[in-house]
Amino acid sequence: MTAQDFSGRRIWVTGASSGIGRATALELARRGGTVIASARSHEALDALVREGPAGRLAALALDVTNRQATQQTASLIEQRFGGIDIAFFNAGTCEYVDVKRFDSALVERVIRTNLLSLIYGIEAVLPLLRRSAHPHLVGMSSTVAYGGLPRAEAYGTSKAAIYYLLQSLRLDLAPEQIPVSIVCPGFVRTPLTDANDFPMPFRIEVEDAARRIADGIAAQKQEIHFPKRFSIPFKLLAMLPGFLYNRLAGQLVRSS
Ligand SMILES: NC(=O)c1ccc[n+]([C@@H]2O[C@H](COP(=O)([O-])OP(=O)(O)OC[C@H]3O[C@@H](n4cnc5c(N)ncnc54)[C@H](OP(=O)(O)O)[C@@H]3O)[C@@H](O)[C@H]2O)c1
């Protein structure tokens, strides 16, 4: 498969009503894939289908925090499209923690939407990927997974757990030749980051992110991290001794 060509691939993208998921769904459809787009917002999904190339996108609304609905959606895709080749579990949310009012309900919400949803998705999709001639599992983590950041006790924890989960899964699925890719973006301009109240170095546009993700999926990269001018320094930062890491990382994500 070339970087341009996803023809013949049936691709399930969650969180496709907005931001990175929406742009990636469009990019994959424009490169020839058949994309099944899921999220809760019916209207936004219908608009996506209208915007994309004719016949290449379909909408199936889903709340990814619902295990049963996730399984039903996977079954419906199999009935309508004959299977799934690539699953991109991208849906997510972000809430920051105020440590003075540490709230387990907030943490639970974020873990449920980001992490548990991915676990439900994996459970639903693995039997279908096993029946595909070209299976590929892709999950959305974040560069935040590389090291703890202030206020990220909920969001960062969910993304670090996703990173570990997908690394584990990669090892277990290797004998079955099912590749697993982890997507780790830095800052991308979307409604999610528009809500941030701190400086976001090297924030890139969502179309740029979508192209990088589609290229990474086509190349079956283990980790799709970008922009490199942000992700590589962050990886190096995480390797520093604790006292230095704390000093530098402690300055990030602080409200301006
Ligand atoms: N933007 C960044 O800089 C950045 C960086 C690293 C990682 N990420 C990750 O990238 C992913 C997409 O983020 P984004 O920036 O594109 O944010 P976004 O524009 O807010 O999009 C989030 C998507 O997730 C969907 N979603 C949220 N809760 C859902 C639920 N319960 N069921 C189904 N869908 C749900 C939303 O759809 P509905 O509301 O219609 O359900 C929407 O389509 C997230 O996992 C995020 O953590 C983003």
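Residues numbered from 1 in each chain as written. Predicted model: local features only at pLDDT ≥ 70, side-chain atom pairs only at ≥ 80, totals over all residues. Heavy atoms only, no water.

Caption draft 1: Looking closely at the site of the ligand. Taken together, the neighbourhood of the ligand is formed by 30 residues, with Ser-18, Arg-40, Ser-41, Tyr-155 and Thr-190 sitting nearest. Residue Tyr-155 places a side-chain N or O atom 2.6 Å away from an oxygen atom belonging to the ligand. Between an oxygen atom of the ligand and a side-chain N or O atom of Lys-159, the distance comes to 2.9 Å. Protein chains shield 92% of the accessible area of the ligand, which is 870 Å² for the free molecule. Per-element accounting of the shell around the ligand gives the leading share, 3 residues, to helix H6 (residues 191-194). Its residues assigned to classes, the shell around the ligand shows 13 nonpolar, 14 polar and 3 charged. (Near = heavy atom within 4 Å. Polar contact = N/O pair within 3.5 Å; in protein donor to acceptor, adjacent residues only side chain to side chain. Areas by Shrake-Rupley, 256 points an atom, 1.4 Å probe, with all protein chains shown as cover. Helix = DSSP H or I, 4+ residues; strand = E, 2+ residues; numbered from the N terminus. Nonpolar A, V, L, I, M, F, W, Y, C, P; charged D, E, K, R; others polar.)

Caption draft 2: Looking closely at the sheet that holds strand E4 (residues 86-89). Taken in spatial order, the 7 strands line up as E3-E2-E1-E4-E5-E6-E7 in an open sheet, and their pairing is parallel. Only two strands of the sheet have a single partner each, and these edge strands are strand E3 (57-59) and strand E7 (223-226). Strand-to-strand twist in this sheet, taken as the mean axis angle between neighbours without regard to direction, amounts to 15 degrees. Where helix H2 (residues 42-51) meets the sheet, it contacts strand E2 (34-38) and E3, and its direction lies at approximately 165 degrees from that of E3. (Pairing = 2+ DSSP bridges. Axes fitted to C-alpha atoms, helices over the stretch in contact; angles between N-to-C directions. Contact = heavy atoms within 4.5 Å.)

Caption draft 3: Quick peek at unusual backbone geometry. Pro-227 follows Phe-226 through a cis peptide bond whose omega is -15 degrees. Of note, Pro-227 is situated in the loop between E7 and helix H8 (228-238). A positive phi angle, close to 70 degrees, is found at Arg-151, a residue other than glycine. Inspection of the secondary structure assignment puts Arg-151 in the loop between strand E5 (136-140) and helix H5 (155-173). Not every positive phi belongs to a glycine, and Phe-202 is a case in point at roughly 60 degrees. Inspection of the secondary structure assignment puts Phe-202 in the loop between H6 and helix H7 (206-218).

Caption draft 4: Layout of the packing of aromatic side chains. For the coordinates displayed, the defined rule picks out 7 aromatic pairs. For the ring pair Tyr-96 and Phe-198, a centre distance of 5.8 Å and an interplane angle of 80 degrees mean the geometry is edge-to-face. Of the two residues, Tyr-96 sits in the loop between E4 and helix H4 (104-130) while Phe-198 sits in the loop between H6 and H7, which places them 102 residues apart along the sequence. In this structure Tyr-96 comes out as partly exposed when scored by relative accessible area, which is 26%. An angle of 55 degrees between the planes, with centres 5.4 Å apart, marks the rings of Phe-187 and Phe-230 as tilted. Within this pair, whereas Phe-187 is found in the loop between strand E6 (180-185) and H6, its partner Phe-230 is found in helix H8, the two being separated by 43 residues in sequence. Residue Phe-230 is classed as buried on the basis of its relative accessible area of 15%. Each member of the aromatic cluster is reached from another via a ring pair, and the members are Tyr-96, Tyr-146, Tyr-163, Phe-187, Phe-198, Phe-230 and Phe-234. Just above the ring of Tyr-96 sits the side chain of Arg-151; from NZ or CZ to the centre is 5.1 Å. (Phe/Tyr/Trp six-rings, centres within 6.5 Å; stacked < 30°, edge-to-face > 60°. Buried < 20%, exposed > 50% of the residue type's maximum accessible area, 1.4 Å probe, protein only. Lys NZ or Arg CZ within 6 Å of the ring centre and 35° of its normal.)

Caption draft 5: Representation of the side chain of Thr-34. Mapped onto the secondary structure, Thr-34 falls in strand E2. Among the residues examined, Thr-34 registers a relative accessible area of 14% and is labelled buried. At a separation of 3.1 Å, a polar atom in the side chain of Thr-34 contacts the side chain of Arg-56. Excluding residues within four positions of it along the chain, Thr-34 makes contact with Arg-9, Arg-10, Ile-11, Arg-56 and Phe-81.

Caption draft 6: Expanded view of the pattern of salt bridges. Taken as a whole, this structure holds 15 salt bridges when the rule is applied. Here Arg-212 makes a salt bridge to Asp-208, at a shortest N to O gap of 2.9 Å. Remark: Asp-208 and Arg-212 occur in helix H7; sequence separation between them is 4 residues, near one turn of the helix. Each of Glu-27, Arg-31 and Asp-215 takes part in salt bridges that share partners, so that together they form one network. (Salt bridge = Lys/Arg side-chain N within 4 Å of Asp/Glu carboxyl O.)

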